[in-house]
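Fold and geometry: a report
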Amino acid sequence: MQRILLTLSFFVVCFSCFTNVCAQIHSGTILFERKTNIIKKYPELSDFVNEFGADKTVSDYFTLQFNDSISFYSPSNDIQTSEGMFNSFTENHSYLDNLNHKTRITQLDMGGEYFLFSEVIPKKQWKITDSKRKIADFKCRKAIWQKNDSTRIYAWFTEEIIPEIGPEGVTGLPGAILGLATENGSMVYFAQSVTVQPIDKSDINFSYKKKKVMQLNELIQKINALLGEKEGKEKLEKELFYWR
Amino acid sequence: MGRELNKRNFFVFIFCCFLTTLLNAQTVEINGVITDSTGNKPVSSVFIMAVRVKDSLLCGYDRTKKDGAFSLRNLPNDTFKLTISHTNYDEKKLFVLTQSGDKIIQLPTIPLVNHGKQLDEALIFVNRGPIYYKGDTLVFVADSFKVKENAVAEDLLRKLPGVKVDSKGKITFQGKDIDQIYVDGDEFFGADPTVATKNIDADALKNVQIYEEKTADTDGEASKQILNLTLKEEAKKGYFGKSSLASDGKKFYEGELLYNNFKNNRNFSIYGLNNTTPRSGFDWEDSYNFNIDGNEANREGFPWNLKLGARYKYKYGKKKQHEFNISYDYKKNTIQKISKNNTQYIFQDTSYFNQSVSKSKDVIEENGLRIYTGIKLDSLTLLTITPQISMQQSSYNQEESSDYLNNARTSFRNSTNQYNDQIQKSIFNNEVSLVKDYLKKNRSTSFTNTINYELQNELGNVLFSSKQPLQLLSSTNQKNGTNYQGFSTSSTLLHAEPLTKKITLNLEYFNQFDNYQKNKQVEDRLSDGSYVVNSLYTSDFTKINQTNRIKLSLSRKKGFHTFLVGTNLRDLRVKNTNKYTDVSFSQHVTNFLPYISYTFNKKNTFRMNVSYTTNSSIPDINQIQPVLSNTNQNYRTIGNLDLKPNFTHQGRVWLYKYNSLKRRYLSTTIYANFVQNEFSNSLSYDSLGRTISQTINVDGNYIFGNSLHFSIDIPKTPLGISFALRANASRNANVINQKNYQIFKETVEPEVGISFYKDSIHFNVSSSIAYNNARGGSISNTTSTYYVYKNQFGFGWDIFQTGIRFETSLVNYKNTGRSQGYNVDRTIINASLHRSFLTSKKLIVSLEGNDLLNQNIQLTRTIDYNQISDFSNQIIARYFLVRVLYKLKS
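Residues numbered from 1 in each chain as written. Chains lettered and ligands numbered in written order. Predicted model: local features only at pLDDT ≥ 70, side-chain atom pairs only at ≥ 80, totals over all residues. Heavy atoms only, no water.

A few points about the overall build of chain B
Which entries qualify depends on this criterion: Secondary structure is summarised from DSSP: a helix means a run of H or I of at least four residues, a strand means a run of E of at least two, and numbering begins at the N terminus for each. To be clear on the numbers: accessible area is Shrake-Rupley with a 1.4 Å probe, and residue cover counts the displayed protein chains and nothing else.
The helix and strand inventory of chain B stands at 5 helices and 49 strands. For chain B, the accessible area works out to roughly 44800 Å², and carbon and sulfur atoms hold 55% of it.

As structure tokens, this is what we get:
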């Protein structure tokens, strides 16, 4: 009897997985791995990295919880950043998006000090290509965002996951972004797994009510005041606002 | 203050309304419904994404609701690729071309196809109608193009992007001629294309398809552009056709009856044509045989035509997948011609003239029976068997008188030649073909076998006399009898094998065996009335040809690019035996003929092809060892046993660019041919001006040229502008009176035109100048530059929806640079008035006037190494017709 039940459960699970893969997905959790090539991201450190013979790639892990109205992207609590001397050279920001109102609260991680600001989710102009690949067992299409004259961002999205979500607050495609990369490969994000499950507001572990949430221009002024205008601008462009 | 505020608010409100309207006018909404493959059941959760074609920008997306409906809003007015996908179906792509002024576009229902069944298809939707590309076939959906009431197929064709129909009904697509028109894949009332386009109602059409069809023969491959009109299922019920009678009460008349009856899966049609006018419904083959084409100014002679025929078509099987059809055609044609010729022969030390007048009468009568059987052995295999038989009788009578004049225009010889013959010919032909497709994409196999058997008997007489002033030089009175029997069989085996997803290997083996026997007996009539065999012209030939050809090619397709490289290896053996003289001659040639081609094809709106091909011909047996002909003793031919095969290098670049949104197209072809050991007819002349020709090999012949067509529709107007340029230059070498000559010829012909088309009115104006020049040879000191100026105007008007239609056309020709008496200018004006009666407008009465100024004449000029010839032919000029036409429709 137990064996029969076990077999039946197995088929039910398989069927539901199969159905989940075929059917459209409205809520769940995506686990992302980010690989950062320190030399490509900070070319000025290449001699330093090579001299120490250190591992130039840093792996970080993030989770993206979502349903049709809300999404939350944050560093994973379960899987830690890879060990290495450069693991502090990468950012761990969090993004809480209200998908209905198209607004966002971003928590910037500046070496352990956190800054929160709110804004309207920035719109991006995406170009769609005919390239396709599979990521985490989902068929994905390739899209390109021309960030500026010299920077191109590649994204692979699947229309099978309905909400417009993605890592690092990169959204605007008709589905979930499961792959994200800079043109030079300095930062590459790939979904490792997608867990289909209902997500409620209470499942999101992000408490910001007691903290000051700034407006965007307030934040920029604060950072410039802390670092100086030149260094502040560089910090914002290369690290804090790289994906905006 | 309050009033000022209210006033300001009012203007702000008005401005916002205006801005909203302006913004809305610049955006468009695309709506549609997605169903499953049956077309009936809506599919929900289908993902649709709109990407702008010019820069791949994502502009919108949606997912279908439970009713299968989707809506893409606030899209800019542009061209989009819609990607439609669902996990249970194959992805579909649809191109939508919006236009300024479009606000909401409602797409037709889009069915999705189950996995693995989607054909290589991209659907294009223009807000005037959808256009399909199915593989290499371009498909226009007829109902989406608005035409006037009672419009015929020709009116619909004028609306299709890239399709042009001239005033004679001749059709081109993107600048290339349509070579054949089918209805539902078959000829319609014979091979005359205008019978279909001028008689089938536009609302009976389902699709208009355009594609290229390849044909193979011993020399290689040719292709023709086909236009196929497919009928709606409801149009295949009941009957339709027309009957008309037109006459001037004297010698010109036209009568025709066409009737087509559909019932379930059977179709029966009959037709009959009888006329004495140039607008006779001649098909292209008739036009070739009688040297008549569709251009009124080039029609020679005075015709009498009778054509009758019947056709029965039947589809059977569970899914009506098999087909049987049988057709019978009868025709009898008579042409009487009168032509004049003035030829100047130029040599280094002298020249002379030949002025001749020729009268001829040609009668041909033919019966033909054709059967077609198509059997689908399974879903991937088709077997077709097509036997045909035709019996023909013809007679030809010609009388030519020639006068030879010296430089002082004094006659030094004249001759008369009377020739007549009667021919009876029977031809039997059968073709069996098996075509097999496979589940694997791009793999296919086909086998075709053709058998042809021909019997011909010919009887003729020749009466020739030649005399100088006061002296008879020679006279001939001969009778001819010829028996010909020919058997030919050929087989072609083709196989295409995909080596990878992108590379395909194509193999072809072709084999042909011919056995011809021709026995010709010529007898001279003696003074006592008896006949004696003339051994000079009598012959008894047997010719056996054996051809084997292997063709191997590799094609690689990557994105928009296709590369093709291949070669033919051909082995040709010919044995010719004259049993009368017991002389035998054999030829054996093996050729290696490489070719290479590159094609760029971007969504079929921009296509380019660059190719290099080679070809080789062996000299004909009549060039090596000719059978002397006694039809005209002013011209004799001798053989050349040293002739070698020629070898032709052909380079070609062609380009088509079509912008469907702006209705603008450009097509150009650049070509260059270079021939080694080209065949040329060397000429020598005796003191009496008689010509003796012998075929020789020459080197260095070439021709290169360009033809360019460009047209654009002026936006938001019914006006269009067109421009064409044809130019070529050539060099040819020859030997005249044992001296080497080369002649260079250039032709340049630009043409501009303006057209205007709306539902009730149209006009077109065009103008061209043809510059022709020849230099070199022994004509270099003679004027050999001549011009042809041509201006055309056409106008048609449906007068205020009264059922009255007025049409007129004018063509003006001006010729310069020809010999005296041949620089004839002429203006051809035609006009007609039509009135329809009955509520259904099925009865039409017309008054037609042709060549109102009575100036029609045909003139041509040819220039060769040492000859300049001007020809004029009498053709039908002014005549009037009163016509009554009744349309038959169920």
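Back to the text.
Details of the overall build of chain A
For clarity, the threshold we go by: Each residue's exposure class comes from its accessible area (1.4 Å probe, protein chains only) as a fraction of the maximum for that residue type: buried when under 20%, exposed when over 50%, partly exposed otherwise. The contact definition used throughout considers only heavy atoms, calling two residues in contact when any of these lie within 4.5 Å.
Looking only at helices and strands, one finds 5 helices and 12 strands in chain A. Across the 244 residues that make up chain A, the buried fraction comes to 48%. By sequence separation, contacts in chain A at least 24 residues apart represent 59% of the contacts at least 6 residues apart. Counting every atom, chain A has about 13200 Å² of accessible surface; 52% of that belongs to carbon and sulfur.

Section: the nonpolar core
Definition in use: Here, nonpolar core means buried Ala, Val, Leu, Ile, Met, Phe, Trp, Tyr and Cys residues that are tied together by side-chain atoms lying within 4.5 Å of each other.
Counting residues in each nonpolar core, the largest one holds 42 residues, and the members touching the most others are Ile 30, Trp 126, Ile 161, Leu 173 and Leu 178 of chain A. The next biggest cluster of nonpolar side chains, apart from the first, holds 29 residues, and it includes Val 163, Ile 171, Ala 235 and Phe 262 of chain B.

Remarks on the sheet that holds strand β4 (residues 94-98) of chain A
All names here are of chain A. Which entries qualify depends on this criterion: Strands qualify as paired when DSSP identifies two bridges or more between them. Helix axes are fitted only over the stretch in contact, all axes being lines through C-alpha atoms; the angle between N-to-C directions runs from 0 to 180 degrees.
Within the open sheet, the 12 strands sit side by side as β7-β8-β9-β10-β11-β1-β2-β3-β4-β5-β6-β12. Their pairing is mixed. If you trace the sheet from one side to the other, it starts and ends with β7 (126-135) and β12 (213-215), each paired once. Neighbouring strand axes in the sheet, compared pairwise and without regard to direction, differ in orientation by 20° on average. Sheet topology places strand β5 (residues 103-110) next to strand β6 (residues 113-120); 8 bridges connect them, and they run antiparallel. Bridge pairing links Asp 109 to Tyr 114 in β6.

A closer look at a positive patch on the surface
Residue and element names in this part refer to chain B. Keep this limit in mind: Within this analysis, patches are made of residues with over 30% relative accessible area and no salt bridge. Like charges are joined at 9 Å or less; nonpolar side chains (Val, Leu, Ile, Met, Phe, Trp, Tyr) at 5 Å or less. What counts as a salt bridge is simple: a side-chain nitrogen of Lys or Arg found within 4 Å of a carboxyl oxygen of Asp or Glu. Under the convention used here, Asp and Glu are negative, Lys and Arg are positive, and both His and the chain ends fall outside the count. For the purpose of locating charges, the reference atoms are NZ of Lys, CZ of Arg, CG of Asp and CD of Glu.
On the surface, Lys 501, Lys 502, Arg 556 and Lys 558 cluster together into a positively charged patch. Here Arg 556 shows up in strand β30 (residues 539-558). Taking relative accessible area as the criterion, Arg 556 reaches 34% and is therefore assigned partly exposed.

Focus on the confidence of the model for chain A
Residues and elements named next belong to chain A. Rules: For every residue, the predictor reports its confidence as pLDDT, a number between 0 and 100.
In this model, chain A carries an average pLDDT of 81, and 78% of its residues clear a pLDDT of 70 or more. Within chain A, helix α1 (residues 2-22) has the poorest average pLDDT of any element, 46, and strand β10 (residues 176-182) the best, 96. Contacts for the low-pLDDT stretch residues 9-22, under 50 throughout, to residues beyond four places or in other chains number 4 contacts.

Quick word on the interface of chain A and chain B
Operational definition: Two parts placed together each lose some accessible area under a 1.4 Å probe, and the buried area is that loss summed for both. In protein, a polar contact requires one atom able to donate a hydrogen and another able to accept it; more generally it is a pair of N or O atoms within 3.5 Å, and residues adjacent in sequence count only if both atoms are side-chain atoms. Three categories are distinguished: nonpolar for Ala, Val, Leu, Ile, Met, Phe, Trp, Tyr, Cys and Pro, charged for Asp, Glu, Lys and Arg, and polar for the others, with Gly belonging to the last.
Between chain A and chain B, the contact holds 17 residues from the first and 16 residues from the second. Around 1400 Å² of area is buried between chain A and chain B when both sides are counted, 52% of it from carbon and sulfur atoms. Together, Gln 24, Ile 128 and Pro 174 of chain A form the three largest contributors to the area buried by chain A at its contact with chain B, with a combined 34%. The interface formed by chain A and chain B holds 3 salt bridges in total. For the salt bridge of Asp 130 of chain A with Lys 81 of chain B, the shortest nitrogen-to-oxygen distance reads 3.0 Å. Run the count over chain A and chain B and you get 10 residue pairs in polar contact (both at pLDDT 80 or more). By residue number, the principal contributor to the side of chain A that touches chain B is β7 of chain A, which donates 5 residues. Partitioning the side of chain A that touches chain B into residue classes produces 7 nonpolar, 3 polar and 7 charged.

Overview of helix α4 (residues 216-227) of chain A
Operational definition: A helix is expected to reach a length of 1.5 Å times the quantity of its residues less one.
Compared with the 16 Å implied by 1.5 Å per residue over 12 residues, the 17 Å span of α4 of chain A between its first and last C-alpha is a close match. Gly 228 of chain A lies just past α4 of chain A and shows a positive phi near 90°.

So, the side chain of Thr 63 of chain A
Residues and elements named next belong to chain A. Structurally, Thr 63 can be placed in strand β2 (residues 57-66). Since its relative accessible area comes to 18%, Thr 63 is described here as buried. Those residues in contact with Thr 63 that sit more than four places away from it in its chain are Thr 29, Ile 30, Leu 31, Phe 72, Tyr 73, Ser 74 and Ser 76.

A short note on the pairing of strand β46 (residues 843-850) of chain B
Residue and element names in this part refer to chain B. Bridging between strand β45 (residues 826-837) and β46 involves 7 bridges; their strand directions are antiparallel. By the bridge assignment, Phe 837 is partnered in β46 with Leu 843. The loop that links β45 with its antiparallel partner β46 comprises 5 residues; one of these, Leu 838, has a positive phi angle of about 70°. In this structure, β46 lies alongside strand β49 (residues 879-889), joined through 8 bridges in antiparallel fashion. Its bridge partner being in β49, Leu 847 is matched across the sheet by Val 882.

Regarding the pattern of salt bridges
Applying the stated criterion across every chain, the model contains 29 salt bridges over all chains. The salt bridge involving Glu 183 of chain A is made with Arg 152 of chain A; its shortest N-O contact spans 3.9 Å. Taken together, the residues Glu 183 of chain A in the loop between β10 and β11 (187-196) and Arg 152 of chain A in strand β9 (residues 152-158) connect sequence positions 31 residues apart. Here Arg 52 of chain B and Asp 55 of chain B are joined by a salt bridge, their closest N and O atoms 2.8 Å apart. For Asp 55 of chain B, a relative accessible area of 22% puts it in the partly exposed group. Taken together, the shared-partner salt bridges in this structure form one network comprising Lys 132, Arg 141 and Glu 159 of chain A together with Glu 91 and Lys 93 of chain B.

A few points about a nonpolar patch on the surface
Residue and element names in this part refer to chain B. A cluster of nonpolar side chains, namely Tyr 328, Leu 369, Ile 389, Met 391, Phe 428, Ile 451, Tyr 453, Leu 455 and Phe 487, defines an oily patch on the protein surface of about 720 Å² accessible area. Counting only elements with at least two residues in the nonpolar patch, the list comes to β24 (381-405) and β26 (444-468). Element by element, the count of residues in the nonpolar patch is highest for β26, at 3 residues. Mapped onto the secondary structure, Ile 389 falls in strand β24.

As for the environment of Arg 34 of chain A
Residue and element names in this part refer to chain A. With respect to the helices and strands, the residue Arg 34 is situated in strand β1 (residues 28-37). Judged by its relative accessible area of 1%, Arg 34 is buried. Residues Arg 34 and Phe 62 lie 28 residues apart in sequence; the distance between their C-alpha atoms is 7.8 Å. Setting aside its immediate chain neighbours within four residues, Arg 34 contacts Val 58, Ser 59, Asp 60, Phe 62, Thr 90, Glu 91, Asn 92, Glu 168, Val 188 and Tyr 189. At 3.4 Å, the side chain of Arg 34 and the side chain of Tyr 189 are in polar contact.

A short note on the packing of aromatic side chains
Filter applied, for reference: Two aromatic rings from Phe, Tyr or Trp, using only the six-membered ring of Trp, form a pair when their centres are within 6.5 Å; if the ring planes differ by under 30 degrees the pair is stacked, by over 60 it is edge-to-face, and anything between is tilted. In our convention, an over-ring charge means Lys NZ or Arg CZ found within 6 Å of a ring centre and within 35 degrees of that ring's normal.
Throughout the structure, instances matching the rule amount to 25 aromatic pairs over all chains. Residues Tyr 352 of chain B and Phe 412 of chain B carry aromatic rings whose centres are separated by 5.9 Å and whose planes lie at 80° to one another, so their mutual orientation is edge-to-face. In this pair, Tyr 352 of chain B is assigned in strand β23 (residues 351-378) and Phe 412 of chain B in strand β25 (residues 411-437), connecting sequence segments 60 residues apart. Ring centres 5.4 Å apart and planes at 5° place the aromatic pair Phe 756 of chain B and Phe 763 of chain B in the stacked group. Overall, Phe 763 of chain B belongs to the partly exposed group, its relative accessible area being 27%. Taken together, the ring pairs in this structure connect Tyr 345, Tyr 352, Tyr 404, Phe 412 and Tyr 685 of chain B into an aromatic cluster. In this structure, Lys 147 of chain A packs its charged tip against the face of Tyr 242 of chain A, placed 3.8 Å from the ring centre.

Looking at unusual backbone geometry
Glycine aside, a negative phi is what most residues show, and trans is what most peptide bonds show. Residue and element names in this part refer to chain B. Even without a glycine there, the phi angle at Ser 56 is positive, about 60°. Relative to the elements of secondary structure, Ser 56 occurs in the loop between β2 (47-52) and β3 (58-63). Owing to a relative accessible area of 27%, Ser 56 belongs among the partly exposed residues under this scheme. With phi around 50°, Asn 737 is a residue other than glycine that occupies positive phi space.

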